[in-house]
Amino acid sequence: MKTLKIILLSIVLLIVFVGVGAWIFLKQTAPQYDGEIEISGLQNAVSINYDQFGVPYIDAQNATDAYMALGYVHAQERLFQMEMIRRLATGQLAEILGPDLVSVDKSMLALGIKDMGERSAENYFSELDAPFKIQAMAYLNGINTFIDQGNLPIEFTLMGFKPNHFTPSDIYSTIGYMSLTFTAALTQDPLVSQLKNKLGNSYLIDLGIDSISNLNNSNADEAIVFASISKSYEKILQMIPSPVWEASNNWAMSAKKSKSGKVLLANDTHIAYSQPSVWFEAVINYPGFTMAGYYLAGVPYAVMGHNQHYGWGLTIFPFDNMDLYREKQNPENEQEFWNKDHWENYQEKTYSIQVKGAEEEKFHLRYTKHGPVLNDVYPDVAIYNESPISLWWSLHTMESEAIEALYHFNNATNFDSFEQGIAKVDLLGLNIVYGDKADNIAWWGTGKIPIRPAHVNPNLILDGSSGLDDVLGFYPVDKNPRSINPESGLVHTANNAPTRVDGILYPGYYYPGLRADRIKELVESQDLWDIESMKRIQNDHYGKRDYFITQNILLPILNTENQNETYKQSVNILKNWDGNTDINSSGAVVYNQFLYFALKELTQDELGEDHFGDYINLLLFKGNIERIFNNESSVWWDKINTDQKENRSEILQLAFNQTVSALEKQLGTVTKQWKWGDVHTLTHVHPIGRNAPFDKVFNVGPFAKSGSNEVIDKEAFLYNAEGIYPVKSGPAMRLLMDFANPNQVLSIIPTGQSGNFMSKHYEDQAQMFVDGEYKSVYLNASDAKCKSVLKLIPE
């Protein structure tokens, strides 16, 4: 017995020692927030004060030291995020994640982001002859110094590798990946072309994209190719371990709308939720310079920011800078395609993909004059090699000036110098909203907008053989949409279609304007505003469209006679619903389940059981729900596979019957217990937390979440039969600013400053974010009441 006790005690002690050792090891990987660190390359010591939420206030004697310090502290919080974005953008994920990620690497290499990054770096960084280059290199040196001498986060140990040094091409590649997420061409255009070919132009009318097709001679096999491209690319998006930008809101109010008599500025960028959060906040001060901003992993300059003189925020300006072309291949020689009046050889390029645990894979990619041939990228498309589809993207033509543009935004001295940076934004379609201490407000739509022939509908796959559908060039920047100091005193954007300049139409993947209209409606509902009252706008979750459909289209056709109690209670819930989507709303539960079944009955017969789900969650459909529902004579209401002609009332009644049955099965018959927050939840997923048991360690959540699709607090989800709605994307930051006190702004990010789960700032903002709360960020450390000081000193 004594021997057994000794054995048991030994086992317990061993477990304790192992546990303590593991804890000590993990603590050593945590970020350092105080003390001193010697690093080479600094000219003078740099002080980094951390506030209670881990926002660093960097005080340096010169710009080079400041940006090196930023790179170092950014890396100690977000190095794994930097590495994952870099590997994703440059097609190197399989090297650390194995064969399952080869398809993602092929897709990213074909998109050409890595090539663009290398071209741009070679063109602009061959000599360090401008401040933006010197500062960017200092930032990279800070990252690389942390890689060399810092304690790497645990993810690198778990995955068994150490990151290489970062280079200027990595900055461009990260920005290139950011621009990729601004377009829906690869998901939407193939499906629209399939829809046009299968059902005809009349079905496009209520989607707002009807036009004479460029594909009148396409066949059934090619329609399958179009659908395969979309599904293949959608699979890739689901596999990528980094967030995708989806939507945003911003606005600026002039002094005449402000209680303080100074300009007000607000911004909330909407991006797929992830852990860590996309944005990293930092405040930089050195002689002659101050900037508080939101930084993207691996990018040296604030993408949104402010100081005591001016500030700016942004949303996506989703103009269409990507086209798909159906090429004509030589039936007698598969190495040739038709170019206007002759056969021409494909250009070819071979990429080497390193694969963890497997042999290196060679990836052969063909190119036409338009760009890469997607049949070589996606296996489901490859079998239709006689119908090559190529991709034109403006990125393929550029050596980007994006870094210099961000430098201008960060170093402006007044309105005119800030505007100089607008012309240098090439890859990114951005709605930049600006305000300043001198009472200016402005909005610019940025990016190089393609000029297309008048007959071209870029929502469809185009004819690549004749040359008649080719892009003609780009509009000069002065033709981009803009508004400067408007009489209304308001500039605002929410990914809605812009007003035209000189009659120019800007084709794109725009949201329907519901959020933009709601922002304007709220702003006009009272005369004067301040940042406290603007919280109400930013956290607004009223669905005006959904409330209108419920009260004016759905409820008038519902008859409770001879229906069961759950049906009657469901109708009563909708009658009492105010259109808000707070976590206790029962109306939001019933309405969103109804909307799925309505869209299903609307489209399943035309699109097929296997494909309708792909369509109804496209922006194309979600953005036109109001248009279709308001049109009783729309062709979509009639089922094409029945003899009789169905109408809107019949389809909606059928959908509501299915709604009640589904909710009874899912949530039971006690309707007062149906709560939106029980089915609409937010979890911030870490790349490693996609699989158990790491989800319990690295993920943050779940949280019951207010909001919905196309409300200002847009907490996006997919409509589905199950009635469970994990939130996919939403605000990645919120900012509220009054230029009467630019030293203090209100801000929040979804989880925390740190991507290191051993940090106390890993998720310390998560509950505040869900509750619609804010923290204060200042322009100097003395006002921020900082909790700790880290000193970087020259080695």
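Residues numbered from 1 in each chain as written. Predicted model: local features only at pLDDT ≥ 70, side-chain atom pairs only at ≥ 80, totals over all residues. Heavy atoms only, no water.

1. Overview of the overall build of the protein
When helices and strands are counted, the protein shows 26 helices and 30 strands. For the protein, whose C-alpha radius of gyration is 27 Å, the value lies close to the compact-globule estimate of 28 Å for 795 residues. Principal-axis analysis of the C-alpha atoms places the extent of the protein at approximately 80 × 80 × 70 Å. Looking at the protein residue by residue over its 795 residues, the buried ones come to 62%. Taking all contacts inside the protein whose residues are at least 6 apart in sequence as the whole, residues at least 24 apart take part in 71%. Only carbon and sulfur atoms are counted for the fraction: they give 50% of the accessible area of the protein, which is about 29,900 Å². Between the averaged position of the 63 positive side-chain charges in the protein and that of its 95 negative side-chain charges there is a distance of 5 Å. (Helix = DSSP H or I, 4+ residues; strand = E, 2+ residues; numbered from the N terminus. Rg over C-alpha atoms; globule rule 2.2 N^0.38 Å. Buried < 20%, exposed > 50% of the residue type's maximum accessible area, 1.4 Å probe, protein only. Contact = heavy atoms within 4.5 Å. Areas by Shrake-Rupley, 256 points an atom, 1.4 Å probe, with all protein chains shown as cover. Lys, Arg positive; Asp, Glu negative; His and termini not counted. Charge placed at Lys NZ, Arg CZ, Asp CG, Glu CD.)

2. What to know about the sheet that holds strand β1 (residues 35–39)
Strands sit in the order β1-β30-β2-β3-β6-β7-β8-β9-β16-β17-β21 across an open sheet of eleven strands; the sheet is mixed. Looking along the sheet, the strands with just one partner apiece sit at the ends: β1 and β21 (482–484). For this sheet, the mean angle separating the axes of adjacent strands, direction not counted, is 20 degrees. One ladder, built from three bridges, connects strand β17 (residues 441–445) with β21; its direction is antiparallel. Each bridged residue has a counterpart across the sheet, and for Trp443 the counterpart in β21 is Ser483. Strands in contact with helix α2 (residues 63–90) are β1, β2 (46–50), β3 (56–59), β6 (279–286), β7 (289–296) and β30 (788–794); relative to β6, the strand with the most contacts, it is inclined by about 155 degrees. (Pairing = 2+ DSSP bridges. Axes fitted to C-alpha atoms, helices over the stretch in contact; angles between N-to-C directions.)

3. A short note on the packing of aromatic side chains
Within this structure, the stated rule accounts for 45 aromatic pairs. With a centroid separation of 4.8 Å and 40 degrees between ring planes, the pair formed by Phe418 and Tyr434 is classed as tilted. With Phe418 in helix α13 (residues 415–420) and Tyr434 in strand β16 (residues 430–436), this pair connects stretches of sequence that are 16 residues apart. Comparing Phe418 with Tyr434 shows no difference in burial state: the two are buried. Through pairs of rings, three or more aromatic residues link up here, namely Tyr310, Trp312, Phe409, Phe415, Phe418, Tyr434 and Trp444. Note that Arg366 overlies the ring of Tyr346, its terminal NZ or CZ placed 4.7 Å from the centroid. (Phe/Tyr/Trp six-rings, centres within 6.5 Å; stacked < 30°, edge-to-face > 60°. Lys NZ or Arg CZ within 6 Å of the ring centre and 35° of its normal.)

4. Regarding the environment of Val501
As for its position among the elements, Val501 is in the loop between β22 (490–493) and α14 (514–523). Each C-alpha atom, one on Val501 and one on Leu667, is 51 Å from the other, the two residues being 166 residues apart in sequence.

5. A closer look at the sheet that holds strand β25 (residues 725–726)
Reading across from one edge, β24-β23-β25 is the order of the three strands in this open sheet, with mixed pairing throughout. Only two strands of the sheet have a single neighbouring strand rather than two, namely β24 (700–704) and β25. As paired elements, strand β23 (residues 680–684) and β25 share two bridges and run parallel to each other. Paired with Thr681 across the bridge in β25 is Pro726.

6. Some thoughts on the pairing of strand β28 (residues 744–748)
Of all five residues making up β28, four are buried, and the element is well covered by its neighbours. The hairpin turn running from strand β27 (residues 734–738) into β28, its antiparallel successor, is five residues long. Pairing geometry for β28 and strand β29 (residues 775–778), over four bridges, is antiparallel. Opposite Val745, over in β29, you have Val777 as the bridge partner.

7. Concerning unusual backbone geometry
The omega torsion across Gln275 and Pro276 is 5 degrees, close enough to zero to call that bond cis. Within the secondary structure, Pro276 is located in the loop between β5 (264–272) and β6. In this structure, the amide linkage connecting Ala692 to the following residue, Pro693, adopts the cis form with an omega of 0 degrees. Its place among the elements puts Pro693 in the loop between β23 and α24 (695–698). The residue Asn495 is not glycine, and still its phi comes out positive at about 65 degrees.

8. Concerning helix α5 (residues 113–124)
With twelve residues, α5 should reach 16 Å at 1.5 Å per residue; the first-to-last C-alpha distance of 16 Å fits that figure. For α5, every residue scored as buried is listed here: Ile113, Asp115, Met116, Gly117, Ser120, Ala121 and Tyr124. (Expected span 1.5 Å × (residues − 1).)

9. As for the nonpolar core
Counting residues in hydrophobic clusters, the biggest one holds 183 residues, and the most contacted among them are Leu79, Tyr177, Trp279, Phe418 and Leu792. It is α2 that contributes the most residues to this core, 16 residues altogether. Counting 55 residues, the second largest nonpolar core, distinct from the first, contains Leu599, Ile616, Leu652 and Phe656. (Core = buried A, V, L, I, M, F, W, Y, C linked by side-chain atoms within 4.5 Å.)

10. Quick look at the side chain of Lys257
In this structure, Lys257 sits in the loop between β4 (245–253) and β5. Apart from the residues lying within four places of it in its own chain, the contact partners of Lys257 are Ser488, Gly489, Leu490, Val523, Asp527, Leu528 and Trp529.

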